[in-house]
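Tertiary structure, described
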Amino acid sequence: MKVSDILRVKGNTLYTVNADEPLSQAAEIMSEKDIGSLVVMDLGDLVGMLTFREVIQAVVKNGGSVGTLLVRTAMDDAPLTCTLETDVDEVRRMMLNRHARYMPVMDKKMLMGVISFYDVAKAVVDAQNFENKMLKAYIRDWPEEDARPAA
């Protein structure tokens with residue numbers, strides 16, 4: 001299974017923010033849209049990733065408020081990325097190794113979407129459930145004489 005399969009099911013709605021926007025505005029967008037991440041773009045290029053983790057860390061470092069902090073002060077400026085052709089097992093390994101919950105999907109320099117660890121886990125479980133149903137159907141439809149042990 002490839003990342004493109006996940007995006008096909010999930011859709012490719014993207015929420016982005018500029019690095020020079022107030023962190024408070026980014027947090028408000030995340031809250032309003034009920035999303036855990038924003039892709040940080042500058043002149044059409046991916047420059048970072050802002051997740052609720054970075055927002056919380058910035059709030060703690062700033063004495064409990066976002067104050068006048070900008071997105072660029074909190075964002076991860078070297079986020080993990082993958083391509084549409086990246087295998088889901090590889091994405092899972094990458095995300096686990098870096099404790100990343102969100103990963104931008106790129107096609108060269110073009111942002112194609114963002115997948116979450118939840119999206120990856122759901123895709124794997126759905127694939128396993130489908131395989132399980134197919135195996136059960138195969139066994140259920142197995143001819144009786146083929147099920148007998150050889151003499």
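Now for a description of the structure that goes with this document.

Cut-offs applied
- Residue positions are counted from 1 within each chain, in the order its sequence is given.
- With pLDDT at 70 or above as the cut-off, local features in this predicted model cover only qualifying residues; side-chain atom pairs require 80 or more to be listed or tallied, and sums for whole chains, interfaces and linings still use all residues.
- Only hydrogens and water are removed before side-chain values are computed, so all heavy atoms of the structure are retained for them.
- Secondary structure counts use DSSP, requiring at least four H or I residues in a row for a helix and at least two E residues in a row for a strand, with both numbered from the N terminus.
- The globule rule is 2.2 Å times the number of residues to the power 0.38, and the radius of gyration it is compared with is taken over C-alpha atoms.
- Burial classes: relative accessible area under 20% of the type maximum marks a residue as buried, over 50% as exposed, and values in between as partly exposed (1.4 Å probe, protein chains only).
- Whether two residues touch is decided by their heavy atoms; if any such pair falls within 4.5 Å, the residues are in contact.
- Here the Shrake-Rupley method, with its probe set to 1.4 Å, supplies the accessible areas, and only the displayed protein chains count as covering residues.
- In this tally, Lys and Arg are treated as positive and Asp and Glu as negative; His is ignored, and so are the chain termini.
- Taken as the charge centre is NZ of Lys, CZ of Arg, CG of Asp or CD of Glu, depending on the residue.
- What counts as a salt bridge is simple: a side-chain nitrogen of Lys or Arg found within 4 Å of a carboxyl oxygen of Asp or Glu.
- Note: two strands are recorded as paired if DSSP finds a minimum of 2 bridges between them.

1. Regarding the overall build of the protein chain
- Across its full length, the protein chain holds 7 helices and 6 strands.
- When the elements of the protein chain are put in sequence order from the N terminus, they spell out α-β-α-β-β-α-α-β-α-β-β-α-α.
- Taking 15 Å as the expected radius of gyration for a compact globule of 151 residues, we find that the protein chain reaches 21 Å, considerably beyond that expectation.
- Structurally, the protein chain occupies a C-alpha span of about 80 × 35 × 25 Å along its principal axes.
- Looking at the protein chain as a whole, 32% of its 151 residues qualify as buried.
- Considering only residue pairs separated by 6 or more positions, the protein chain has 55% of its internal contacts joining residues 24 or more positions apart.
- As presented, the protein chain carries roughly 9,800 Å² of accessible surface, and 54% of it is formed by carbon and sulfur atoms.
- Each charge class in the protein chain can be summarised by its mean position, and for the 18 positive and 23 negative side chains these summaries are 2 Å apart.

2. Some points on the pattern of salt bridges
- Tallied over the full model, the rule gives 7 salt bridges.
- Note that lysine 10 and aspartate 119 form a salt bridge whose closest N and O atoms lie 2.8 Å from each other. With lysine 10 in helix α1 (residues 3–10) and aspartate 119 in helix α6 (residues 117–140), the pair connects residues that are 109 residues apart, well separated along the chain.
- Its relative accessible area of 41% is what places lysine 10 among the partly exposed residues.
- Residue class for aspartate 119 comes out buried when judged on its relative accessible area of 13%.
- For the salt bridge of arginine 98 with aspartate 76, the shortest nitrogen-to-oxygen distance reads 3.6 Å. Taken as a pair, arginine 98 in helix α5 (residues 88–98) and aspartate 76 in the loop between α4 (71–74) and β4 (82–83) lie far apart in primary sequence, 22 residues in all.
- Among the residues examined, arginine 98 registers a relative accessible area of 41% and is labelled partly exposed.

3. Comments concerning the side chain of glutamate 54
- Structurally, glutamate 54 is set in helix α3 (residues 52–61).
- Although glutamate 54 is buried, it makes no salt bridge; arginine 53 carries the closest opposite charge, 5.2 Å away.
- Beyond its immediate chain neighbours, meaning those up to four positions away, glutamate 54 contacts Met49, Ala74, Met75 and Asp76.

4. Focus: the pairing of strand β6 (residues 110–116)
- Within β6, 5 of the 7 residues are buried, leaving the element largely enclosed by the surrounding structure.
- Inspection of the sheet shows strand β5 (residues 102–107) paired to β6 by 6 bridges, in the antiparallel sense. Directly across from tyrosine 102, in β6, lies its bridge partner serine 116.
- Remark: 2 residues form the turn of the hairpin made by β5 and β6, two consecutive strands paired antiparallel; lysine 108 in that turn has positive phi of roughly 60°.

5. Brief notes about unusual backbone geometry
- At aspartate 34, a position not held by glycine, the phi torsion is positive, near 55°.
- Locating aspartate 34 in the fold gives a position in the loop between α2 (23–33) and β2 (37–42).
- Judged by its relative accessible area of 71%, aspartate 34 falls in the exposed class.
- Backbone geometry places lysine 108, a non-glycine residue, at a positive phi of 60°.
- Residue placement: lysine 108 occurs in the loop between β5 and β6.
- Assessed through its relative accessible area of 75%, lysine 108 is described here as exposed.

Function cannot be inferred from these measures alone, as they are strictly geometric.
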